Amino acid sequence: MTATRPSLRSLDEALESLLAHAALLPAETVSTFEADGRVLAEDLVSSLQVPPQDNSAMDGYAVRRGEIADEGVPLPVSQRIPAGAAPLPLQPGTIARIFTGAPVPAGADAIVMQEDTEVLEDGRVRIQRVPSSGQWIRRSGEDITRGSTVLARGERLGPAAQGLAASIGRDQVQVARRPRVALFSTGDELVMPGQVAPQAMKPGAIYNSNRFFLRSLLARLGCEVQDLGIVPDVREATVQALRDAARGNDLILTSGGVSVGEEDHIKPAVQQLGSLDLWQIAMKPGKPFAYGRVADAHFIGLPGNPVSSFVTFVLLVRPFLLKLQGAAQLQPTALQLPAHFALERPDKRREFLRVRRNGQGGLDLFANQSSGVLTSTVWADGLVDNPGGQAILHGDVVRFLPLAELLA
Ligand code: AMP
Ligand code: MG
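The structure displayed is predicted, hence computed values, not measured ones. (Residues numbered from 1 in each chain as written. Chains lettered and ligands numbered in written order. Predicted model: local features only at pLDDT ≥ 70, side-chain atom pairs only at ≥ 80, totals over all residues. Heavy atoms only, no water.)

Chemist: With reference to specific residues and values, describe the overall build of the protein chain.
Modeler: Broken down by element type, the protein chain carries 8 helices and 28 strands. Its C-alpha radius of gyration of 30 Å places the protein chain more than 25% over the 22 Å reference for a compact globule of 408 residues. Within the protein chain, the proportion of its 408 residues that are buried is 46%. The long-range share in the protein chain, meaning contacts at least 24 apart out of those at least 6 apart in sequence, stands at 70%. Entry remark: accessible area of the protein chain is about 19,200 Å², with carbon and sulfur atoms responsible for 50%. (Helix = DSSP H or I, 4+ residues; strand = E, 2+ residues; numbered from the N terminus. Rg over C-alpha atoms; globule rule 2.2 N^0.38 Å. Buried < 20%, exposed > 50% of the residue type's maximum accessible area, 1.4 Å probe, protein only. Contact = heavy atoms within 4.5 Å. Areas by Shrake-Rupley, 256 points an atom, 1.4 Å probe, with all protein chains shown as cover.)

Here it is, written out as structure tokens:
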């Protein structure tokens, strides 16, 4: 076999080429109830004011300020306005009983909360003090004005956005259709938990951990996953798996077998069926990473080492899948935080260190940063993005990428 040297790329270059291939998926209509995690394919423009009318923020009385005096004036109650009622204009010389969320009657210019009033025996109510203008009135349109865009195309919807869409009357929204992803793991050493008990493991066997986190990561990004299981390190089997995976899917995602060893069959198999770009990304963990096409599907090959697979997924595959769906924000918000550790011998490559925030506002480093140590990834709540060759001294401010965002 001829050993072709994969091209060495910076992470930014790799990401740029990858994103250039991510053409937008078509839109579909879904119920607003089902829209959590989906990316909006339209601007949501409000055809109404929210709230629709001025309404009371308190249980109390609607008044005309000019009729109240600081010594406390007793006034008769001319109407009762619960939430959902349509009030009459406020009669001069009277006040109206009003409840939270009820429309403010025409003529009233303030709400006095019931705690600041006294009900007299004859039914009149003494207002203790002159309210400020507009007090406890929630104005029509103070949340949303008619004609405004409340959520823009490219917004990834979450619970609050679902509520906001509903508040302007949208029971359905247009979103990008879910990416369809075929997933398989390569490696003759892999066995499945549940199929082989720990005591029965043959020498050299390991459990397939990548399959578990990759499926969950894909699901969190709104993907429909077709899981093709474990494919043995055999050329024909790899070709067949890729053919099956290409059918009806937008992306084929694999882990392992993308190095250029004799047991790495992904490269020739993808080349046989389509085209492949194999990259050595100048990052740690990570390094081997492949992008290509098989029939109409995108192909992404992740490294087999669990931490490499995890980190390259969150830094490359995640933005790719978000871009397919038209998301406006592809990257997490990085924070600048002090390192409460030192890195005396930095790698030449850009490194993504597994770290955790401590109670003193700084970052602790997981002791073993090896790309096979998945424990580091569970322990961590973020990655430090450290430029190649840069030592870190205790107290240095570093770039922190929160895993909470990278996993969302
Ligand atoms: P590869 O990229 O196929 O050369 O694999 C690199 C390392 O990752 C080897 O030690 C593999 O045993 C390990 N590995 C590959 N795939 C998986 C997987 N699905 N789960 C856990 N470890 C894996
Ligand atoms: Mg392998």
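Chemist: Account for the pairing of strand 27 (residues 382-386), with residues named and values stated.
Modeler: Across the 5 residues that make up strand 27, a large majority, 5, are buried. Side chains Gly382, Val384 and Asn386 of strand 27 all project onto a buried face; the interleaved residues Leu383 and Asp385 project onto the opposite face, where all are buried too. Relative to strand 27, strand 25 (residues 350-357) runs antiparallel, the two sharing 5 bridges. When the bridges of strand 27 are listed, Phe352 appears paired with Asp385. Two strands pair when backbone bridges link them, and strand 27 and strand 28 (residues 397-402) are joined in this way by 3 bridges, in the antiparallel orientation. (Pairing = 2+ DSSP bridges.)

Chemist: Let's hear about the site of ligand 1: which residues, and what values?
Modeler: Taken together, 14 residues surround ligand 1, and among them Glu189, Asn208, Gly257, Gly304 and Asn305 come closest. Glu189 is positioned such that a nitrogen or oxygen atom in its side chain is 2.6 Å from an oxygen atom of ligand 1. Take Asn210: an N or O atom from its side chain is 3.4 Å from a nitrogen atom of ligand 1. Summarising the interface, the protein chains cover 77% of the accessible area of ligand 1, which totals 480 Å² for the free molecule. Of the residues in the shell around ligand 1, the class split is 4 nonpolar, 9 polar and 1 charged. (Near = heavy atom within 4 Å. Polar contact = N/O pair within 3.5 Å; in protein donor to acceptor, adjacent residues only side chain to side chain. Nonpolar A, V, L, I, M, F, W, Y, C, P; charged D, E, K, R; others polar.)

Chemist: Any details on the sheet that holds strand 6 (residues 73-75)? Residues and values, ideally.
Modeler: Taken in spatial order, the 3 strands make up an open sheet running 6-11-10, and their pairing is antiparallel. Both outer strands of the open sheet, strand 6 and strand 10 (117-119), are each paired with one neighbouring strand and no more. Taking the axes of each pair of neighbouring strands and ignoring which way they run, one obtains an average angle of 25 degrees across the sheet. Pairing of strand 10 with strand 11 (residues 125-127), which is carried by 3 bridges, proceeds in the antiparallel orientation. Residue pairing for strand 11: Glu118 is matched across the bridge by Arg126. (Axes fitted to C-alpha atoms, helices over the stretch in contact; angles between N-to-C directions.)

Chemist: Talk me through unusual backbone geometry; I want residue IDs and the actual numbers.
Modeler: The peptide bond linking Val50 to Pro51 adopts the cis configuration, its omega dihedral lying at -5 degrees. Its place among the elements puts Pro51 in the loop between strand 3 (44-45) and strand 4 (55-56). A positive phi is found at Lys287, a non-glycine position, where the angle reads about 60 degrees. Among the secondary structure elements, Lys287 is positioned in strand 22 (residues 287-294).

Chemist: So, helix 6 (residues 306-324): which residues are in play, and what are the values?
Modeler: Along its length, helix 6 shows its largest kink, about 45 degrees, at Phe313. Burial within helix 6 is extensive, with 18 of its 19 residues counted as buried. Two residues or fewer after helix 6 comes Gly326, characterised by a positive phi angle close to 80 degrees. (Bend = angle between axes of the 7 residues up to and from the residue.)

Chemist: Provide a residue-level description of the domain arrangement of the protein chain, including the pertinent values.
Modeler: Here the protein chain is partitioned into domain 1 (11-25 + 178-324), domain 2 (27-50 + 143-176), domain 3 (55-138) and domain 4 (335-406). Computed from C-alpha atoms alone, the centre-to-centre distance between domain 1 and domain 3 is 66 Å. (Domains from an automatic or database assignment.)

Chemist: Account for the pattern of salt bridges, naming residues and giving values.
Modeler: Applying the stated criterion to the full structure yields 18 salt bridges. In this structure, Asp122 engages Arg124 in a salt bridge whose closest nitrogen and oxygen atoms are separated by 2.8 Å. For Asp122, a relative accessible area of 52% puts it in the exposed group. When the shortest N-O distance is used, the salt bridge between Glu224 and Arg180 registers 3.9 Å. You can see Glu224 sitting in strand 18 (residues 224-231) and its partner Arg180 sitting in strand 15 (residues 180-186), a full 44 residues away along the chain. (Salt bridge = Lys/Arg side-chain N within 4 Å of Asp/Glu carboxyl O.)

Chemist: Any details on the environment of Ile137? Residues and values, ideally.
Modeler: You can see Ile137 is positioned in strand 12 (residues 137-138). Beyond its immediate chain neighbours, meaning those up to four positions away, Ile137 contacts Asp54, Asn55, Val104, Asp109, Ala110 and Ile111.

Chemist: Run through the sheet that holds strand 23 (residues 297-302), naming residues and quoting values.
Modeler: A sheet is described by the order of its strands in space; here 7 strands give the open sequence 1-20-22-23-19-15-18, paired in mixed fashion. Where the open sheet ends on each side, the last strands, each with one partner, are strand 1 (7-9) and strand 18. Put simply, the sheet's adjacent strands are angled 25 degrees from each other on average, direction ignored. Summarising the sheet, strand 20 (residues 274-281) and strand 22 pair through 8 bridges and their orientation is antiparallel. Each residue of the ladder has a partner; that of Leu276, found in strand 22, is Gly292. Of the strands in this sheet, strand 1, strand 20, strand 22 and strand 23 touch helix 1 (residues 11-20), which is tilted by about 160 degrees from strand 20.

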